Amino acid sequence: MSRPHLGPAGPPRPLAPGVTVAELVPSNPLWASNGLAFGPDGRLWIAQFLGGTVSALDLRTGVLEPVLGPGGPLTAPDDLAFDDDGSCYVVDLPPGLVWRRDPDGGMAVVADGVLAPDGIATHRGRLFVNELAPDGRLLEILPDGRSREMARGLALGNAMAVGPDGRLVYPHLMGGEVWAVELDDGRPERLLAGLDRPVAVRFDAAGRMLVLSNADGSVLVDGTDVVPTGIVGADNLAVAPDGTWYVTGAFTGGLVAVAPDGSRRQVLPPGLVGPFGLASVGGRLLAADHHTLAELVDGGVRAREVEMHGLRGLGVVGDEVVVTTEHGEVRQGPVDGGWRRAAAGLARPCGVVAACGELLVAESGAGRVVRIGRAAEVDPVVSDLDGPADLAEADGEVWVSDSVRGQVVRLHDGAVVAAGLARPEGLVAHAGALFVVEAAAGRLTRVDPPTRATTPVVGNLPLASLPPHVFGTSTIAQRPTPYAALTVHEGDLVVGLTGTGGALRVCV
């Protein structure tokens, strides 16, 4: 199965007497699932934006094999298409690249400088790409690497296809429209309007146009019939020779098959794409999972889309949750929605905690911990940190993990209670001690603040570690920086396994 770079090999294992571990949420087989296409080998190839990977699924055996990445040149592949000669073309969204994988496995860049390339299609040896941008372009990529503009003004382009009339048909994801244009000349023509987040256009063997909605996962057939798929954050669709539709989910992964008679089958289950922030509130265990707020239950996940993306840290204030986002926001509200903005404009806010009636946030991009006031004012509490990641509170005392310095620091006086840690991130107070996730070591460690002693508790945690090349220049969409979260739920520790999209229960 495909995965980002993992930590130590083997399953998690206790490192201290009396410690037990148990899988709470199993690994996610697809690190989100995006573009997909049937390859010349008969397998279904699936791009995983958040995993930096393209995998191939043998529908007969169920074997899922990585064919590109992880750890290769791809940053965040979002869509793919095959040419007549068996070459696979892949868009790499953040760095603005289009790659070709030859049938023998050789890789080459065939276009660069494209702003957030997303939708991709081939037709009789020709290659077409569009841009996931507010004023995006539709381009033909020429054999010499230059591009020819076919249309502009796309309100976030996405998955497209050549129709039976020979025209290229493409969606405006945020514009709610579907357009078509001649391959050589002609003005674009709007075919459909008033749709809810159309994310992919495909055609079946009968020539019917299929438009997939990212909003509710439904498929609009020839502009009239609506067929549900049940996918949260549906992203792409491929039509098999037997007429079955295969649908991916960008928000939670998974793969659903919709048979010609309308029956649905879960081919691969959905799961977590982090998880990032974790919190226990009202008996529910929640994860801030980039695109969704997910509830973790034994053996699975219930995920729902929220009105924001880039969910990061998660905290609890009374019976409400507080979430931070990679876009610099802090929001607060009931678990089931209606969140209000508590602050904005922060630099990569991460962990959050309520302490003594105050809301504190680790602002990792600014090297400080800030207090969020009732009127959305932001006041620095500590400003001399390098990489604050998470916060923990007990008996009125607050600590912060500094992932860059490798320390855990007491907030009120700056005292270092643990040092020499390997990228400490998730932090929580439990059973009279502090527990911290050392993300670079794949380890959960106990910290005794009075003595400053540290004790390894669990090792071999599969935690993601992204190489520097994955962070491109596009501001349209980026892969999230891994963040290994930690919380206490029902008396046990819960660790987010960012290397597998799972979660581990730890009893100490």
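An unreviewed UniProt entry lists the protein under the name Sugar lactone lactonase YvrE, from Actinomycetospora aurantiaca.

Moving on, we get to the pairing of strand 39 (residues 388-394). The buried count for strand 39 comes to five of seven residues, which makes it a mostly enclosed element. When strand 39 meets strand 40 (residues 397-402), the two strands line up antiparallel, connected through six bridges. Each residue of the ladder has a partner; that of Ala 394, found in strand 40, is Glu 397. What sits between the antiparallel neighbours strand 39 and strand 40 is a turn of two residues, in which Asp 395 has the positive phi angle 55°.

In spatial order, the strands read 39-40-41-42; together these four strands make up an open sheet with antiparallel pairing. Strands at the two margins of the open sheet, each flanked by one partner only, are strand 39 and strand 42 (416-418). Neighbour-to-neighbour, the strand axes of the sheet open up by a mean angle of 30°, direction not taken into account.

Secondary-structure assignment places Thr 122 in strand 11 (residues 117-123). Contact partners of Thr 122, with chain neighbours within four places excluded, come to Ala 81, Phe 82, Asp 83, Tyr 89 and Leu 127. Among the polar contacts made by the side chain of Thr 122, one reaches the main-chain carbonyl oxygen of Phe 82 at a distance of 2.7 Å.

Here we take up the sheet that holds strand 28 (residues 284-289). One open sheet accounts for four strands, arranged 27-28-29-30; its pairing is antiparallel. A single partner strand is all that each edge strand has here, and the edge strands are strand 27 (278-281) and strand 30 (300-305). Put simply, the sheet's adjacent strands are angled 30° from each other on average, direction ignored. Where strand 29 (residues 292-297) lies against strand 30, six bridges are found, and the strand directions are antiparallel. Within the sheet, the bridge partner assigned to Leu 293 lies in strand 30 and is Arg 304.

In terms of nonpolar packing, the biggest core is built from 26 residues, with Leu 212, Val 219, Leu 237 and Trp 245 touching the most fellow members. Contributing elements (two or more residues each) for this core: strand 19 (198-203), strand 20 (209-213), strand 21 (219-221), strand 23 (234-239), strand 24 (245-249) and strand 25 (255-258). Formed by 19 residues, the second largest nonpolar core is a distinct cluster that contains Leu 444, Val 457, Leu 461 and Leu 504.

Here we take up the layout of surface pockets. Reported here for the second largest pocket is a volume of approximately 710 Å³. Lining the second largest pocket are 26 residues, and of these Ala 37, Phe 82, Thr 122, Ala 161 and Arg 202 sit closest to its centre. For the lining of the second largest pocket, the secondary-structure elements that each account for two or more residues are strand 3 (36-38), strand 7 (77-82), strand 11, strand 15 (161-162), strand 19 and strand 23. Residue contributions to the lining of the second largest pocket peak at four residues, all from strand 11.

Inspection of every chain in the model, using the stated rule, returns 31 salt bridges. A salt bridge links Glu 140 to Arg 148; its shortest N-O distance comes to 3.0 Å. Note on Glu 140: relative accessible area 7%, which makes it buried. Residue Arg 148 is classed as partly exposed on the basis of its relative accessible area of 25%. Of the charged contacts in the structure, one is a salt bridge between Glu 329 and Arg 341, with a shortest N-O distance of 2.6 Å. In this pair, Glu 329 is assigned in the loop between strand 32 (320-325) and strand 33 (330-334) and Arg 341 in strand 34 (residues 340-343), connecting sequence segments 12 residues apart. Arg 341 sits in the exposed class, given a relative accessible area of 52%. A single network of salt bridges, built from pairs that share partners, joins Arg 126, Glu 140, Arg 148 and Asp 184.

The rules behind the values
- Residues numbered from 1 in each chain as written.
- Predicted model: local features only at pLDDT ≥ 70, side-chain atom pairs only at ≥ 80, totals over all residues.
- Heavy atoms only, no water.
- Buried < 20%, exposed > 50% of the residue type's maximum accessible area, 1.4 Å probe, protein only.
- Helix = DSSP H or I, 4+ residues; strand = E, 2+ residues; numbered from the N terminus.
- Pairing = 2+ DSSP bridges.
- Axes fitted to C-alpha atoms, helices over the stretch in contact; angles between N-to-C directions.
- Contact = heavy atoms within 4.5 Å.
- Polar contact = N/O pair within 3.5 Å; in protein donor to acceptor, adjacent residues only side chain to side chain.
- Core = buried A, V, L, I, M, F, W, Y, C linked by side-chain atoms within 4.5 Å.
- 1 Å grid on protein atoms, 1.4 Å probe; cavity = no way out; pocket = protein on both sides within 12 Å on 5 of 7 lines; lining within 4 Å.
- Points joined across faces, edges and corners; volume = space filled by probe spheres on them.
- Salt bridge = Lys/Arg side-chain N within 4 Å of Asp/Glu carboxyl O.

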